[in-house]
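Summary of structural features
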Amino acid sequence: MIFSTYQFILVFLPIVFVVYFVLHHLKWHQMAKIWLVIASFYFYSQGSPDFFPFFMGSVLGNYIIGTTMSRMSGDSYRIERRLLLLAGVLANVGLLGYYKYTDFFISNYNFITGSDYTLKHIVLPIGISFFTFQLIAFLVDSYRGETEEYDIVNYLLFITFFPQLIVGPIIHHKEIVPQFADEKNQRMNYDNIAKGLFIFSVGCAKKMLLADPLTTDAELFFNQLDALTAAGTLKFLSSWFYSLEYTVSYYFDLSGYADMAIGLGCMFNIVIPQNFNSPYKAKDFQDYWQRWHMTLSRFLGNYIFRNTYKKGVKWRNYYVATMVTFFVSGFWHGAGWTFVVWGIVNGILVCIGSWRNKNKKKTPLFLGVPLTFLLAILTRVLFVSNTFTDAWNVYKGMFNFASLGTSIGEAANTIATFIANHQTMGLTCMIGLFICWFMPTTKKMSDSFTTKKWYWLIYPAVLLAICIFKMDKVVQFLYFQF
């Protein structure tokens, strides 16, 4: 079940919402929480039914380990807590590794040794990469003594709250648990409902009106790379255009999901952290990664970078810690060497941006923003390509100037023909870029939201109505594959 479907919007959400607040109205507060947990379990089971028992076991197992460590206070239990932490982290990483990386390791073992072991083709459970990070964060904080001894219901709410369960934003227990305990959040708030619907509708429009058509069009090109390369028809314009499409669509797909999750949380009076802040307005890659998927960057910063970086130790300096962090980020994103190299390249670009900022080598915005966006396109090619060969062929196509023609007139005619054949997708892409560069973020718009002005109510109603009429065709969120 995904957000942009009739089943979710017209059936699941209204039922869960009404029952939740009716139970709170009857002062059955614990039952309201239990109801939300049950609904979240049902929501997840619809996406990965075969994995659901393992999901339950993982969630409950982490609770037992985390609460056990919380109870072991004092230095006398240091070794025991370390062993429990190690066991918990290894169990989480092992489960993630089995489902996500088994075929990766088998294929690499076959390549190195010349063996011919059969790939398992294990279906990746939805959201496993995201909730694994939240579980690991809970264990580490329990080890550090930074968690309260949550009861099982509050813990389950933190892990399974359905708006953010599958693709984030990645939340922290200290952000969410106190909100469910706050009495004012247990009453229906009509302003929050209206605001939540506004944010949700914006996210839904990002996903369905911009991301979906761009993704579908770009996928057709990238899936035909072998044939296009063999035929010698991988051209300059198509290589740049479809790479641009993917760059724009990935932003609207993931930020659209985040907006929908934040909007749903708002309806339930729960504040979910922001995940994007106009990343394509970034002046360098250090700035870019402070704006893109911010909750993932926060997790990697808190639990990878800070455990690697140590001031005054040369081999654990800022740049080394940054590269380690982006190596982990790349490997986390996907089971392939293209993702690892993508992470390393991003790490290098962040280090360059950091060094320039540290040495006060400022790039003017009118140069920094387009250059950063250009690099985002180039790195996105590596991210979406199935193999290095595919990526290399696209890069070669990007510099295949001969495909434009041998004269200025022929080049102009080639460009005009290409534009004429790609009007709809070209216009969609231009609208997306205009929103990225010149429109306020959803956060800024929602901060200005008020039910006292009629157009704030009409705007989301129109967007949501348009989206509902298009829900006959369901397109999965891009990050479901991670």
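Below or above, wherever it landed, is the structure these notes cover. Fair warning: this is a prediction, and the values are worked out from it, not measured in the lab. (Residues numbered from 1 in each chain as written. Predicted model: local features only at pLDDT ≥ 70, side-chain atom pairs only at ≥ 80, totals over all residues. Heavy atoms only, no water.)

A word on the overall build of the protein
A count of helices and strands for the protein gives 20 helices and zero strands. For a compact globule of 482 residues, the expected C-alpha radius of gyration is about 23 Å, and the protein comes in at 24 Å, within 12% of that figure. Overall size of the protein, expressed as C-alpha extent along the three principal axes, is 75 × 60 × 50 Å. Of all 482 residues assigned to the protein, the portion counted as buried reaches 53%. Relative to all contacts within the protein whose residues are 6 or more apart in sequence, the contacts with residues 24 or more apart total 76%. Within the protein, one finds 38 positive and 27 negative side-chain charges whose respective centroids are separated by 10 Å. (Helix = DSSP H or I, 4+ residues; strand = E, 2+ residues; numbered from the N terminus. Rg over C-alpha atoms; globule rule 2.2 N^0.38 Å. Buried < 20%, exposed > 50% of the residue type's maximum accessible area, 1.4 Å probe, protein only. Contact = heavy atoms within 4.5 Å. Lys, Arg positive; Asp, Glu negative; His and termini not counted. Charge placed at Lys NZ, Arg CZ, Asp CG, Glu CD.)

Concerning unusual backbone geometry
Its identity as a non-glycine residue notwithstanding, H293 has a phi of 45°, on the positive side. Residue placement: H293 occurs in the loop between α11 (285–288) and α12 (294–308). One non-glycine residue, K360, adopts positive backbone phi at about 55°. Along the polypeptide, K360 turns up in the loop between α14 (337–358) and α15 (365–384). For K360, a relative accessible area of 69% puts it in the exposed group.

Describing the packing of aromatic side chains
Evaluated as defined, the whole model comprises 74 aromatic pairs. A ring pair is formed by F12 and F43, whose centres lie 5.7 Å apart and whose planes are at 40°; its orientation type is tilted. Of the two residues, F12 is situated in helix α1 (residues 6–25) and F43 in helix α2 (residues 29–47); the sequence distance between them amounts to 31 residues. Relative accessible area serves as the criterion here: at 7%, F12 is assigned to the buried category. The interplanar angle of 40° and the centroid separation of 5.4 Å between the aromatic rings of F434 and F438 together place this pair among those described as tilted. Placement of the pair is F434 and F438 together in helix α18 (residues 423–438), with a separation of four residues, close to one helical turn. We classify F434 as partly exposed; its relative accessible area is 45%. It is K100 that lies over the ring of W332; its NZ or CZ is 5.2 Å from the centre. (Phe/Tyr/Trp six-rings, centres within 6.5 Å; stacked < 30°, edge-to-face > 60°. Lys NZ or Arg CZ within 6 Å of the ring centre and 35° of its normal.)

Brief notes about empty space enclosed by the protein
Applying the stated criterion to the full structure yields one cavity of 30 Å³ or more. Approximately 40 Å³ is the volume found for the largest cavity. Around the largest cavity, the lining residues are F285, Y288, W289, W342, N346, A376, T379 and R380. For the lining of the largest cavity, the secondary-structure elements that each account for two or more residues are α11, α14 and α15. In terms of residues, the lining of the largest cavity owes the most to one element, α15, which gives three residues. Of the residues in the lining of the largest cavity, the class split is five nonpolar, two polar and one charged. (1 Å grid on protein atoms, 1.4 Å probe; cavity = no way out; pocket = protein on both sides within 12 Å on 5 of 7 lines; lining within 4 Å. Points joined across faces, edges and corners; volume = space filled by probe spheres on them. Nonpolar A, V, L, I, M, F, W, Y, C, P; charged D, E, K, R; others polar.)

Thoughts on the environment of A137
Following the sequence through the fold, A137 ends up in helix α5 (residues 128–144). Residue class for A137 comes out buried when judged on its relative accessible area of 6%. Beyond its immediate sequence surroundings of up to four residues, A137 is in contact with F299 and Y303.

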